[in-house]
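Summary of the model geometry
One letter stands for each residue in the lines below.
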Amino acid sequence: MTWLVLALAVAALWFSHRYAWWRRPVDYRHPRVLMYHMVSPHRKGARFNGLRVPPERFDAQLAWLKRHGWQFFTLSELWALWDDLPQKSVAITFDDGYADNLHAALPLLEKYDAKATIYMVVDRHDRDWSTAKKAHHDSGELAREPKLSDDEVRRLIASGRIEIGSHTLTHINMKTTPLAEKRRELIESRRALEEGFGVTVKSFAYPFGIYGAADVALARECGYETAVTTVDGIDPRSPRPDPLELKRIKISGKDTMLGFVMRMRGGKRGWRK
């Protein structure tokens with residue numbers, strides 16, 4: 001009996017630590033911005049399975065959002081309507097430009113009448129940008145991951161459900177890149193996307209979520225109206241946040257459905273403040 005009590009206590013502590021059920025929910029008047037990368041099955045032994053949300057799990061997440069009355073917006077729509085958003089507003093975002101965003105994610109977005117913003121790396125093919133953050137991440141896993149072709153990007157745009165944003169030309173590390181090169185990456189990526197796909201690019205995502213105050217100013221200087229970070233959380237409707245530093249809720253491929261629901265409720269994973 002003593003071992004049973006101890007096991008139950010440990011389980012309760014783990015549950016509380018992981019899901020922070022005790023944290024007060026963030027008012028549903030405040031919009032949620034969700035961060036995804038891939039909608040893809042996990043791969044045995046892969047380093048980046050956290051970036052891979054299995055299709056059946058993405059389906060379940062969208063079904064939950066729809067069932068509970070969440071309304072879907074692109075990131076630019078969300079900001080344009082910020083002061084007048086309905087309760088339970090959500091923007092789904094994808095970083096990098098993986099091919100499964102078309103082949104796996106779009107059919108599910110269509111199924112639930114949802115929208116998304118995809119932050120595209122312009123020079124995305126055969127590039128393992130993970131090494132720009134951590135040199136030892138040199139397995140080539142992300143380089144081998146299929147990326148969207150230009151024709152596939154056009155199919156996404158033609159669906160009427162996808163906004164295209166910039167994620168730089170080459171997925172640079174903003175901390176280690178000289179200012180002139182950063183400016184070129186921000187300006188030229190926006191120009192390439194607009195001219196290549198006939199769209200207006202208003203939004204930017206900081207690669208790796210690495211940025212500083214000077215980078216926020218640079219994004220504004222380069223003509224972006226909004227930018228998303230990897231800072232975990234939910235921005236309030238009022239006072240208005242800086243639109244060039246919007247927080248996101250990170251959706252991991254390792255999250256359970258309960259984890260997803262708790263993240264929508266409180267914005268953060270586990271015990272962290």
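Everything that follows concerns the structure shown earlier in this document.
Rules of the game
Residues numbered from 1 in each chain as written. Predicted model: local features only at pLDDT ≥ 70, side-chain atom pairs only at ≥ 80, totals over all residues. Heavy atoms only, no water. Core = buried A, V, L, I, M, F, W, Y, C linked by side-chain atoms within 4.5 Å. Buried < 20%, exposed > 50% of the residue type's maximum accessible area, 1.4 Å probe, protein only. Helix = DSSP H or I, 4+ residues; strand = E, 2+ residues; numbered from the N terminus. Pairing = 2+ DSSP bridges. Arc of directions from axis to C-beta. Contact = heavy atoms within 4.5 Å. Phe/Tyr/Trp six-rings, centres within 6.5 Å; stacked < 30°, edge-to-face > 60°.

So, the nonpolar core
In this structure, Leu34, Tyr36, Phe58, Leu62, Leu65, Ile92 and Phe94 are the most contacted members of the largest nonpolar core, which totals 51 residues. Looking at this core element by element, the count peaks at six residues for helix H4 (residues 100-111). Leu78, Trp79, Trp82 and Ala91 belong to the second largest nonpolar core, which has 12 residues in total.

Digging into the pairing of strand S10 (residues 246-250)
For a regular strand, side-chain orientation follows a simple rule: the groups alternate between the two sheet faces. Bridge analysis of strand S1 (residues 32-36) against S10 gives two bridges, and the strand direction is parallel. Residue Leu34 lies in a different strand from S10, and its bridge partner there is Ile249. As paired strands, strand S9 (residues 226-232) and S10 are joined by two bridges and run parallel to one another. Residue pairing in the sheet places Val228 in a bridge with Leu246 of S10.

Describing helix H6 (residues 150-158)
Each turn of an α-helix holds 3.6 residues, which means side chains three or four residues apart point in the same direction. The complete set of buried residues in H6 reads Glu152, Val153 and Leu156. Relative to the axis of H6, the buried residues are bounded by an arc of 105° and lie together on one face. Facing away from the buried side of H6, by more than 90 degrees, are the exposed residues Asp151 and Ala158. On its buried face, H6 sits against H4, strand S6 (116-120), strand S7 (162-166) and helix H7 (179-197). Gly160 occupies a position one or two residues after H6 and carries a positive phi of about 80°.

Let's talk about the packing of aromatic side chains
Centre-to-centre distance and the angle between the planes together describe a pair of aromatic rings. The tally for this structure, following the rule as stated, stands at nine aromatic pairs. Judged by centre distance (5.5 Å) and plane angle (90°), the rings of Tyr28 and Trp70 are edge-to-face. Taken together, the residues Tyr28 in the loop between helix H1 (2-19) and S1 and Trp70 in the loop between helix H2 (55-67) and strand S4 (71-73) connect sequence positions 42 residues apart. With a centroid separation of 5.5 Å and an interplanar angle of 35°, the aromatic rings of Tyr36 and Phe94 are classed as tilted. With Tyr36 in strand S1 and Phe94 in strand S5 (residues 89-96), the pair connects residues that are 58 residues apart, well separated along the chain. For the residue pair Tyr36 and Phe94, the accessibility class agrees, reading buried in each case. A connected cluster of aromatic rings, assembled from ring pairs, spans Phe204, Tyr206, Tyr211 and Tyr224.

Let's talk about unusual backbone geometry
Pro239 follows Ser238 through a cis peptide bond whose omega is 0°. With phi around 65°, Lys88 is a residue other than glycine that occupies positive phi space. Tracing the sequence through the fold places Lys88 in the loop between helix H3 (75-80) and S5. For Thr168, which is not glycine, the phi torsion reads 75° and is therefore positive. Tracing the sequence through the fold places Thr168 in the loop between S7 and H7. With a relative accessible area of 0%, Thr168 lands in the buried category.

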